[in-house]
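# A closer look at the structure
The chain contents come next:
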Amino acid sequence: MTQWMDEEAGPVVRPYALIGGRTRSSGDELDLIAMVTATGAVTSSGFVPGPEQERILSLVTTATSVADVASELDLPLGVVRVLLGDLQDHQLISIGRASASERILKEVINGLRAL
Amino acid sequence: MDFGPSDEPVALKILIAGGFGVGKTTLVGAISEIRPLRTEEVLSDRGIGIDDVEGVEGKTTTTVAMDFGRITIREGLVVYLFGTPGQERFWFMWDELSYGALGAVVLADTRRLTDCFPSIDYFEQRGTPFIVAVNCFDGAEQYEAEDVRIALDLDPDVPVLLCDVRRRASAKNVLVTLVEHSLKVLTASQR
């Protein structure tokens, strides 16, 4: 396949086909830097993660931002949000959004200086 | 190292704004690991006459490619740099980008100072802490930071500094200045 296709040819499957043409889900409001972590829960209620969702689950065994998930999978953000929304609805991932404290900002300042 | 259970991963977002060609991407590249991101956005009427939708009139979204930068301070603490889209028709993305942002760097070029007015207006209105970094281009007349502050009619507490975004040390100094400013704003608001 690779000898016939390259990135120039465009995706073999149109991104929105991956999510059944949906553009809305519970993942809509996910911030770019919300942190996604796999819960390790077993799928219930007959939900079977698709191949892209399996890729997400293996990627977020350690906390990963929404932006990094989209970048890593090379899929548009909107598509990734729908995929994440499904996983969240079935408790397969948890979403964290820690806010910056004074302590964290001081740590960032020192970390930047040390770069 | 044991961070304990209270140390959940923290990600912070910094915006890099300013007019077209002012050096936003150069700044991000000088200091961080650059990653590509694709977003599909709803075509607004702003795109009429610009985006050619002939034959695909049903098309209501367009792909916007953008880069972002990532700086890992330590495991579980990451700073993300997002450049704001320069073209006016992508203004709708600004709200999403600036949501929860720690602060913004407005890059200015003294030869085209008016280019950064929209960014400054935006962050002032939103209450996002920001600093103005004047990128010193080769061949451009050099001004003092204070002259730029007066020309931009900035509040006295908004930091203004000169920089050369191609240099890593200078880019680092810009980010440190912003985070220090954000910290000041944060502690003042908690008082």
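Residues numbered from 1 in each chain as written. Chains lettered and ligands numbered in written order. Predicted model: local features only at pLDDT ≥ 70, side-chain atom pairs only at ≥ 80, totals over all residues.

### Thoughts on the overall build of chain A
Scanning chain A for helices and strands turns up four helices and three strands. Listed by position from the N terminus, the elements making up chain A come as β-α-β-α-α-β-α. The buried share among the 115 residues of chain A stands at 35%. Counting only contacts in chain A whose residues sit at least 6 apart along the sequence, the fraction spanning at least 24 positions is 77%. (Helix = DSSP H or I, 4+ residues; strand = E, 2+ residues; numbered from the N terminus. Buried ≥ 20, exposed ≤ 12 C-beta atoms within 10 Å, placed from the backbone. Contact = placed C-beta atoms within 7 Å.)

### With respect to the interface of chain B and chain A
With 31 residues of chain B in contact, the opposing surface of chain A contributes 26 residues. The element that contributes the greatest number of residues to the side of chain B that touches chain A is helix α5 (residues 168–190) of chain B, accounting for nine residues. Residue composition of the side of chain B that touches chain A, grouped by class: 18 nonpolar, five polar and eight charged. (Nonpolar A, V, L, I, M, F, W, Y, C, P; charged D, E, K, R; others polar.)

### A look at the packing of helix α1 (residues 51–59) of chain A against helix α2 (residues 66–73) of chain A
Residues and elements named next belong to chain A. Taken N-terminus to C-terminus, the directions of α1 and α2 make an angle of 125 degrees; their axes are 11 Å apart at the nearest point. In this view, α1 runs oblique relative to α2, as classed from their interaxial angle. Along this stretch, α1 crosses α2, giving a crossing that reads as right-handed. Contacts from E52, R55, I56 and L59 of α1 reach α2 at V69, E72 and L73. Taken together, the residues of the contact of α1 with α2 sort by class into four nonpolar, no polar and three charged. (Axes fitted to C-alpha atoms, helices over the stretch in contact; angles between N-to-C directions. Parallel < 35°, antiparallel > 145°, perpendicular 65-115°, else oblique. Left-handed = near helix turned anticlockwise from the far one by under 90°.)

### Things to note about the environment of D121(B)
Residue and element names in this part refer to chain B. Mapping D121 onto the fold places it in helix α3 (residues 117–126). Judged by the 10 C-beta atoms lying within 10 Å of it, D121 falls in the exposed class. Separated by 42 residues in sequence, D121 and C163 place their C-alpha atoms 22 Å apart.

### Remarks on the nonpolar core
Ranked by size, the top nonpolar core spans 76 residues in total, and within it V66(A), I14(B), Y80(B), V105(B) and V106(B) carry the most contacts. In this view, V105(B) contacts I14(B), I16(B), A17(B), I131(B), A133(B), V174(B) and L178(B); residues no more than four positions away in its chain are not counted. (Core = buried A, V, L, I, M, F, W, Y, C linked by C-beta atoms within 7 Å.)

### Focus on the sheet that holds strand β1 (residues 35–38) of chain A
Sheets are built from strands paired through backbone hydrogen bonds, the pairs being either parallel or antiparallel. Residue and element names in this part refer to chain A. Strand order in the open sheet formed by three strands is β2-β1-β3, and the pairing between neighbours is antiparallel. At either margin of the open sheet sits one strand with a lone partner, and together these are β2 (64–65) and β3 (93–96). Relative to β2, β1 runs antiparallel, the two being bridged by two bridges. Paired with V36 across the two strands is T64, which belongs to β2. (Pairing = 2+ DSSP bridges.)

### Brief notes about unusual backbone geometry
All names here are of chain A. Unlike most non-glycine residues, D74 shows phi in positive territory, near 55 degrees. Residue placement: D74 occurs in the loop between α2 and α3 (77–89). Overall, the presence of 13 C-beta atoms within 10 Å leaves D74 in the partly exposed class. Its identity is not glycine, yet Q91 carries a phi of approximately 55 degrees, on the positive side.

### Details of the pairing of β1(A)
In this structure, β1(A) lies alongside β3(A), joined through four bridges in antiparallel fashion. Following the sheet pairing, T37(A) is matched in β3(A) by S94(A).

### Comments concerning the packing of helix α1 (residues 24–31) of chain B against α5(B)
Residues and elements named next belong to chain B. Interhelical geometry of α1 versus α5 gives an angle of 100 degrees and a closest axis separation of 8 Å. One element, α1, and the other, α5, form an angle in the roughly perpendicular class. Seen from α1, the contacting residues are L27, A30 and I31; seen from α5, they are R168, A171, K172, V174 and L175. A class-by-class count of the residues in the contact of α1 with α5 yields six nonpolar, no polar and two charged.

### Examining helix α4 (residues 102–113) of chain A
Residues and elements named next belong to chain A. Over its 12 residues, α4 extends 17 Å from the first C-alpha to the last, a length consistent with the 16 Å expected when each residue adds 1.5 Å. For α4, the complete set of buried residues consists of L105, V108 and L112. Considered in projection along α4, the buried side chains sweep an arc of 55 degrees and stay on one side of the axis. Seen from the open side of α4, the exposed residues pointing more than 90 degrees away from its buried face are E102, R103, N110 and R113. (Expected span 1.5 Å × (residues − 1). Arc of directions from axis to C-beta.)

### Description of α2(A)
With respect to burial, α2(A) is a largely interior element, six of its eight residues being buried. Looking only at α2(A), the buried set comprises V66(A), A67(A), D68(A), V69(A), A70(A) and S71(A).

### Let's talk about the environment of T62(A)
Tracing the backbone through its elements, the reader meets T62(A) in the loop between α1 and β2. Distance from T62(A) to L112(A), taken between C-alpha atoms, is 23 Å for residues 50 residues apart in sequence.

### A short note on the confidence of the model for chain B
Residues and elements named next belong to chain B. Looking at chain B as a whole, the pLDDT averages 84, with 81% of positions reaching at least 70. Ignoring residues within four places in sequence, the model shows residues 1–6, a span with pLDDT below 50, making one contact including any to other chains. Model confidence for the complex is summarised by a pTM of 0.84, with the ipTM given as 0.84. (pLDDT = per-residue confidence, 0-100.)

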